[in-house]
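Below, each chain spelled out in residue letters.
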Amino acid sequence: SPTFELPAAPAAPAAPAPLSKEKVAARLETELEEYFNLGQVEELLLNLKELREKARLPKGEPSLGFLFLKEGIAKAIEAKDAARVRECMAKSIGPLHREKLLAPAEVRKYFTDMLEFIEDEAIDVPSIGAIFANYIAAAIADDVLPLGFLATAFNHLADSHVSTLKQSAMLGATLAKLCERAGAERGRALYAEAKDFDLAALAGGSEAAVELLEGAGVAALDPALTQQVTADKEAASLAAEAATREALCARVDTYVDERLASEGAFAALDKPKEGEKPEAPATAVAAGLWVGNELVGSGLANDLQTRKQLMRAMMRKMLTYAPRTAEGQPCPKTIERGLKRWTSMIQVVSRPDSEQPLDAQAAAHALFEVQGFCSEHGFPEGLLKKIYYALYDADVINESAFAIWKDTDPDAEPTPNKLKALVQANEFLTWLDSATQESGPSDDD
């Protein structure tokens, strides 16, 4: 039987040749122009995918997305409508990556290469730092780059001659843009989860890191660090203040010791002329000036703790140095003489500014010290009230200070035997209350 040969199947049409580099570049130019004009990301992605099929770029060559990114950012820098066009490019990075048109490694390499010579670009484009901070922030916000990229990205700019390109400035600008693009909450999450990113180490210490964050307006990124630095500053300030206070008190202690241990320190004042008050000797006036100058010079003249400490120390020295009776007991008369002689030296602590009223809070601590002194000596009969009379008469303590001493809860002040002291002072306090009512409020109240 006859045989028949089937006709051969038509050959498959040959695949079109890949587009030349020139044609790919021309198409990219068109896509860029259209994207810049319309800003439609979805349309851009469809067109680039179609172009990728036609271009069939060889393996090892930069991807179409990378070529788009590189060319687009270059054009955006020089565009007339720069801000809008640059934002178009920033918004394209994430979608290009999600559609597998752009690899993270390519983005990292591109930014690393551009940052290497960014100082040269600053000559023609002064805002180049802010521009790239925004692009990098967009890449981090869209999960193309990890925030850890910043750990090394700007290290070579630590000593840049361009202030806006210094490492600290670029870190601050990028973190600020990240929070702006991703939102404060997600920005904090990205910051907290970042691996190999230690802002304190990059900035040169925790304090410098907080200054960087605060300067960029993003201190909320690391509230724990901000709180720690604030606490450290406060602790350091308190420690420095305490050291200054102790040094001041040591100097005053030595000075007062020398004055009160000198001959005649507790002698009676010269009898004044009729109608005049006793005049303090020049040595006592000079002592008051010296203590006042030391207090002001230390910067602690308005520090209540310092004045309290000095008032107690001076009162204790006055009571300790005062000559005793033949029986070795404290002598109210010599204490009164000392108070009158050295009034200006004591007053300056409770009244650093002669134009201001006496500080009753500080002055009250002289009374607590008298209480402690009398307690140590078993409350000799009449001693506490006589000292209180002398303090009031010498104008060292006013009514308000006595009221503070009287009303302070014994549990709130460690000086012992407050209740016994109140009994001892009852006569004086009753007299003071009636005297105050008769004369009206004190000028120092």
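If you're wondering where the values come from, they're calculated on a predicted model, not measured in any experiment. (Residues numbered from 1 in each chain as written. Predicted model: local features only at pLDDT ≥ 70, side-chain atom pairs only at ≥ 80, totals over all residues. Heavy atoms only, no water.)

Novice: Could you give an account of the overall build of the protein chain, naming the residues involved and the relevant values?
Specialist: When helices and strands are tallied, the protein chain shows 21 helices and 0 strands. Its C-alpha atoms give the protein chain principal-axis dimensions of roughly 160 × 50 × 40 Å. By residue count, 43% of the 445 residues in the protein chain fall in the buried class. Sequence separation of 24 or more characterises 73% of the internal contacts of the protein chain that already satisfy a separation of 6 or more. Taken as a whole, the protein chain presents about 24000 Å² of accessible surface, with 53% of it coming from carbon and sulfur. For the protein chain, the centre of its 47 positive side-chain charges and the centre of its 70 negative side-chain charges are spaced 2 Å apart. (Helix = DSSP H or I, 4+ residues; strand = E, 2+ residues; numbered from the N terminus. Buried < 20%, exposed > 50% of the residue type's maximum accessible area, 1.4 Å probe, protein only. Contact = heavy atoms within 4.5 Å. Areas by Shrake-Rupley, 256 points an atom, 1.4 Å probe, with all protein chains shown as cover. Lys, Arg positive; Asp, Glu negative; His and termini not counted. Charge placed at Lys NZ, Arg CZ, Asp CG, Glu CD.)

Novice: Describe the pattern of salt bridges, with residues and values.
Specialist: For the structure on display, the rule yields 24 salt bridges. One salt bridge in this structure joins Arg181 and Glu87, with 2.8 Å as the shortest N-O distance. Placement of the pair is Arg181 in helix H9 (residues 167-182) and Glu87 in helix H4 (residues 82-98), with a sequence separation of 94 residues. Residue classification places Glu87 among the partly exposed residues on the basis of a relative accessible area of 25%. Between Glu413 and Arg312 there is a salt bridge, with the nearest N and O atoms lying 2.9 Å from each other. Of this pair, Glu413 sits in the loop between helix H20 (399-407) and helix H21 (418-439) while Arg312 sits in helix H15 (residues 304-321); the two residues are 101 residues apart in sequence, bridging distant segments of the chain. On the basis of relative accessible area, Glu413 is assigned to the buried category, the value being 10%. By relative accessible area, Arg312 is classed as buried at 19%. A single network of salt bridges, built from pairs that share partners, joins Arg312, Arg316, Glu369, Glu376 and Glu413. (Salt bridge = Lys/Arg side-chain N within 4 Å of Asp/Glu carboxyl O.)

Novice: Explain the layout of surface pockets to me, using residue names and the numbers behind them.
Specialist: By volume, the second largest pocket is sized at about 360 Å³. Together, 18 residues line the second largest pocket, and Lys21, Val24, Ala25, Leu28 and Leu67 are the ones closest to its centre. Elements with a contribution of two residues or more to the lining of the second largest pocket: helix H1 (21-38) and helix H3 (64-78). Each residue belonging to the lining of the second largest pocket can be placed in one class, and the counts come to 11 nonpolar, 1 polar and 6 charged. (1 Å grid on protein atoms, 1.4 Å probe; cavity = no way out; pocket = protein on both sides within 12 Å on 5 of 7 lines; lining within 4 Å. Points joined across faces, edges and corners; volume = space filled by probe spheres on them. Nonpolar A, V, L, I, M, F, W, Y, C, P; charged D, E, K, R; others polar.)

Novice: Go over the packing of H9 against helix H10 (residues 184-193), please, and point to the residues and values.
Specialist: Running from N to C, H9 and H10 cross one another at 130 degrees; their axes reach a closest spacing of 6 Å. Here H9 lies oblique to H10, going by the angle between them. You can see that H9 and H10 cross each other, and the crossing is right-handed. Between H9, through Leu175, Leu178, Cys179 and Ala182, and H10, the contact on the second element is made entirely by Ala184, Arg186, Gly187, Leu190 and Tyr191. (Axes fitted to C-alpha atoms, helices over the stretch in contact; angles between N-to-C directions. Parallel < 35°, antiparallel > 145°, perpendicular 65-115°, else oblique. Left-handed = near helix turned anticlockwise from the far one by under 90°.)

Novice: Describe in detail the side chain of Arg307, supporting the description with residues and values.
Specialist: Here Arg307 shows up in helix H15. A relative accessible area of 8% places Arg307 in the buried class. Among the polar contacts made by the side chain of Arg307, one reaches the main-chain carbonyl oxygen of Ala301 at a distance of 2.6 Å. (Polar contact = N/O pair within 3.5 Å; in protein donor to acceptor, adjacent residues only side chain to side chain.)

Novice: Can you explain the nonpolar core? Please cite residues and give values.
Specialist: Counting 74 residues, the largest nonpolar core has Phe111, Phe132 and Leu150 as its most contacted members. Examining the composition of this core, we find that 11 residues originate from one element, helix H7 (residues 128-141), more than from any other. Beyond its immediate chain neighbours, meaning those up to four positions away, Leu150 contacts Ile136, Ile140, Leu171, Thr174, Leu175, Phe197 and Leu202. (Core = buried A, V, L, I, M, F, W, Y, C linked by side-chain atoms within 4.5 Å.)

Novice: How would you sum up empty space enclosed by the protein? Please name residues and give values.
Specialist: In total, this model carries 1 cavity of 30 Å³ or more according to the counting rule given. Every residue along the wall of the largest cavity is listed here: Glu31, Glu34, Tyr35, Leu38, Gln40, Glu43, Leu44 and Asn47. Those elements giving two or more residues to the lining of the largest cavity turn out to be H1 and helix H2 (41-55). Within the lining of the largest cavity, the residues separate by chemical class into 3 nonpolar, 2 polar and 3 charged.

Novice: For the packing of aromatic side chains, give the residues involved together with the corresponding values.
Specialist: Taken as a whole, this structure holds 19 aromatic pairs when the rule is applied. Aromatic pair Tyr255 and Trp290: ring centres 3.9 Å apart, planes at 5 degrees, arrangement stacked. Pair noted here: Tyr255 is in helix H13 (residues 223-260) and Trp290 is in helix H14 (residues 282-297), with a separation of 35 residues, a long-range link. On the basis of relative accessibility, which here comes to 10%, the residue Tyr255 falls in the buried class. For Trp290, a relative accessible area of 26% translates into the label partly exposed. An aromatic cluster is present here, built from Tyr388, Tyr389, Tyr392, Phe402, Trp405, Phe428 and Trp431 joined pairwise through their rings. The aromatic ring of Tyr255 is capped on one face by Arg259, whose charged end is 3.8 Å from the ring centroid. (Phe/Tyr/Trp six-rings, centres within 6.5 Å; stacked < 30°, edge-to-face > 60°. Lys NZ or Arg CZ within 6 Å of the ring centre and 35° of its normal.)

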